[in-house]
Amino acid sequence: MRRKLAAGNWKMNGTAADLAELEAMKAAAATKQTDVLIGTPATLISRAVATAGDAIAIGGQDCHTNASGAHTGDISASMLADAGASHVITGHSERRVDHGETDAIVAAKSEAGYANDLTAVICIGESLEEREAGQTLDVIGTQLAGSTPAAATGANTVIAYEPVWAIGTGKVPTLEQIAEVHDFMRSQLVERFGEDGNAFRLLYGGSVKPSNANEIFAVSNVDGALVGGASLKASDFNAIITALDEA
Ligand code: PGA
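This report concerns the structure included in the present document.

## A word on the packing of helix H1 (residues 19-29) against helix H10 (residues 234-246)
- As a packed pair, H1 and H10 sit with axes 9 Å apart at the nearest point and diverge in direction by 25°. By the criterion of interaxial angle, the relationship of H1 to H10 is roughly parallel. The handedness of the crossing between H1 and H10 is right-handed. On the side of H1, the interface is formed by Glu21, Ala24, Met25 and Ala28, while H10 contributes Ala234, Phe237 and Asn238.
- Grouping the constituent residues of the contact of H1 with H10 by class yields five nonpolar, one polar and one charged.

Right under this line is the structure:
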């Protein structure tokens, strides 16, 4: 009932030369049922949209809470939409850490996305210290409640669980740990949003690679992945798309 979603996050990587990778991903995505999304740098969005056509959705990696104004260097959700984006990633841990984004700011950015018909991919995840202190579900519950706006629906929002300690480190939680968090997020969403809580797609993110994708995609309530490093090359990302499609 929930469509699968393979999402890539190019972070601060990608210039015109990398559109060739997108072209190669498009060829693979076009043959699959799985939805595919790439969050490119803002500078590449319009060219990525032209390259990807209908086969791959293109998203921004952040947006400002305001629609416009004196915010040098920032990008609004309406600008992302104007460039052709259909999604915006909000609350990535690198933004929470590098830019001090709180749950309330992440919720406001997600709302700015909704106002421009962008689907929000809201990221949450515990730090290593929090996991080791046994606080994971408390942290996830707080971040999920605070970062997800009241206006969120299964149609306008995707939730990505990304343990901070698993991002770019090669470390991955056990399948039991992923299942525990994903089942918990599902129950929290159903408690808050009723039956529509079952419609939100839940992605796992953090060191997803072709070699571990199959086992992660078999986990309960994992509807896809948010992939950083392994989304930069079509050879890796296409294998992840295939693994998800066949899961
Ligand atoms: P990674 O990043 O796949 O390189 O660990 C995931 C993310 O930050 O979205």
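This is not the end of the story, as more comes after the structure.
## A look at the pattern of salt bridges
- Summed over the entire model, instances satisfying the criterion amount to 12 salt bridges.
- Measuring nitrogen to oxygen at the nearest pair gives 2.9 Å for the salt bridge that ties Glu94 to Lys11. Residue Glu94 is found in helix H4 (residues 93-98), and its partner Lys11 is found in the loop between strand S1 (5-9) and H1; the two are separated by 83 residues along the sequence.
- Judged by relative accessible area, which is 31%, Glu94 ranks as partly exposed.
- Between Arg186 and Asp223 there is a salt bridge; the shortest N-O distance is 3.1 Å. Separated by 37 residues along the polypeptide, Arg186 in helix H8 (residues 175-193) and Asp223 in the loop between helix H9 (210-217) and strand S8 (224-227) bring together distant segments of the chain.
- Note on Asp223: relative accessible area 8%, which makes it buried.
- Residues participating in the shared-partner salt-bridge network are Asp62, Arg95, Glu101 and Lys109.

What counts and how
Residues numbered from 1 in each chain as written. Predicted model: local features only at pLDDT ≥ 70, side-chain atom pairs only at ≥ 80, totals over all residues. Heavy atoms only, no water. Axes fitted to C-alpha atoms, helices over the stretch in contact; angles between N-to-C directions. Helix = DSSP H or I, 4+ residues; strand = E, 2+ residues; numbered from the N terminus. Parallel < 35°, antiparallel > 145°, perpendicular 65-115°, else oblique. Left-handed = near helix turned anticlockwise from the far one by under 90°. Contact = heavy atoms within 4.5 Å. Nonpolar A, V, L, I, M, F, W, Y, C, P; charged D, E, K, R; others polar. Salt bridge = Lys/Arg side-chain N within 4 Å of Asp/Glu carboxyl O. Buried < 20%, exposed > 50% of the residue type's maximum accessible area, 1.4 Å probe, protein only.

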